[in-house]
Amino acid sequence: LTWIIHAENTTTIKNTSLNNYIIYPNPAFNQLTISSSFIGQKKYKIINYNGVIVGIGDLNSSQTQISLNALPEGIYYIVIYDDKTIFSEQLIIQR
């Protein structure tokens, strides 16, 4: 499995919908929420700008809150996936 990540110069990103996913707020401060009407279990990864996985977990309900307190300010990617699909979105953490 190879990840190719392209970064763009961005100062703000509005709430994002990825095939029934809403990821907010973005930019985020201490907490990120993922809302979805999906059926079935999905997982998420948070990947830093260097490609290192810094967070991982399950999306077991229609709304999942993720603490970002342990992560420093910067540009990340949130990847939502299951056996058949992968979605990714840029995430900015601002303090």
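Since this is a predicted model, take the numbers as computed values, not measurements.

Participant: Sorry if this is basic, but what is going on with the pairing of strand β8 (residues 86-93) here?
Facilitator: Residues in a regular strand project their side chains so that they alternate between the two faces of the sheet. In terms of burial, β8 is a largely internal element, six of the eight residues being buried. As defined by bridge partners, strand β7 (residues 74-81) adjoins β8 across eight bridges and the pair is classed as antiparallel. Paired with Tyr 81 across the bridge in β8 is Ile 86. Between the end of β7 and the start of β8, which pair antiparallel, lie four residues.

Participant: Hey, could you run me through the confidence of the model for the chain in this one?
Facilitator: When pLDDT is low, close inspection of the predicted coordinates is not appropriate. Looking at the chain, pLDDT values average 84 and 79% of them are 70 or higher. In the model, residues 10-18 has pLDDT below 50 throughout and makes 24 contacts with residues more than four positions away in sequence or in other chains.

Participant: Could you clarify how one ought to interpret the environment of Phe 87 in this entry?
Facilitator: Looking at the element boundaries, Phe 87 is found in strand β8. Here Phe 87 falls in the buried class, since its relative accessible area comes to 18%. Sequence separation between Phe 87 and Tyr 44 is 43 residues; the distance between their C-alpha atoms is 9.3 Å.

Participant: Is there a simple way to explain the pattern of salt bridges in this structure?
Facilitator: Opposite charge on two side chains permits pairing when their charged atoms draw close. The final tally for this structure, using the stated rule, is two salt bridges. Between Lys 42 and Asp 82 there is a salt bridge; the shortest N-O distance is 2.4 Å. With Lys 42 in strand β4 (residues 42-48) and Asp 82 in the loop between β7 and β8, this residue pair connects regions lying 40 residues apart in the sequence. Classification of Lys 42 by relative accessible area gives buried; the value is 9%.

Participant: Quick question: what am I supposed to make of the side chain of Thr 64 here?
Facilitator: Along the chain, Thr 64 turns up in strand β6 (residues 63-67). Those residues within four positions of Thr 64 in sequence are excluded, and the remaining contacts are Leu 32, Thr 33, Ile 34, Asp 58 and Leu 59.

Participant: Looking at this structure, I do not really get the packing of aromatic side chains. What am I missing?
Facilitator: For any pair of aromatic rings, geometry is given as the distance between the ring centres together with the angle between the planes. Evaluated as defined, the whole model comprises one aromatic pair. Relative to Phe 87, the ring of Tyr 21 lies with its centre 5.6 Å away and its plane at 55 degrees, an arrangement referred to as tilted. In this pair, Tyr 21 is assigned in strand β2 (residues 21-24) and Phe 87 in strand β8, connecting sequence segments 66 residues apart. The class of Tyr 21 is buried, set by a relative accessible area of 2%. In this structure, Lys 45 is placed above the aromatic ring of Tyr 81, and the distance from its NZ or CZ to the ring centre is 5.2 Å. Positioned above the aromatic ring of Phe 29, the side-chain terminus of Arg 95 is 5.9 Å from the ring centre.

Conventions used here
- Residue numbers here run from 1 along each chain, matching the order of that chain's written sequence.
- Reporting of local features is limited, given that this is a predicted model, to residues whose pLDDT is at least 70; pairs of side-chain atoms are given and counted only at 80 or more, and all residues count toward the totals for whole chains, interfaces and linings.
- To get the side-chain values, all heavy atoms of the structure are used, and hydrogens and water are removed first.
- A 1.4 Å probe rolled over the protein chains alone gives each residue an accessible area, and that area as a share of the maximum for its type sets the label: buried under 20%, exposed over 50%, partly exposed in between.
- For the purposes of this entry, the term helix denotes a DSSP run of H or I that reaches at least four residues, the term strand denotes a run of E that reaches at least two, and both are numbered from the N terminus.
- Only strands that DSSP links by at least two bridges are regarded as paired with each other.
- Each residue carries a pLDDT score, the predictor's confidence in it, ranging from 0 to 100.
- Contacts are assigned to residue pairs with any non-hydrogen atoms lying within 4.5 Å of each other.
- Only one rule defines a salt bridge in this text: a Lys or Arg side-chain nitrogen within 4 Å of an Asp or Glu carboxyl oxygen.
- Pairing of aromatic rings covers Phe, Tyr and Trp, the last counted by its six-membered ring, and requires centre-to-centre distances within 6.5 Å; plane angles under 30 degrees mean stacked, over 60 mean edge-to-face, and any other angle means tilted.
- Throughout this description, the term charge over a ring refers to an Arg CZ or Lys NZ atom that lies within 6 Å of the ring centre and within 35 degrees of the ring normal.

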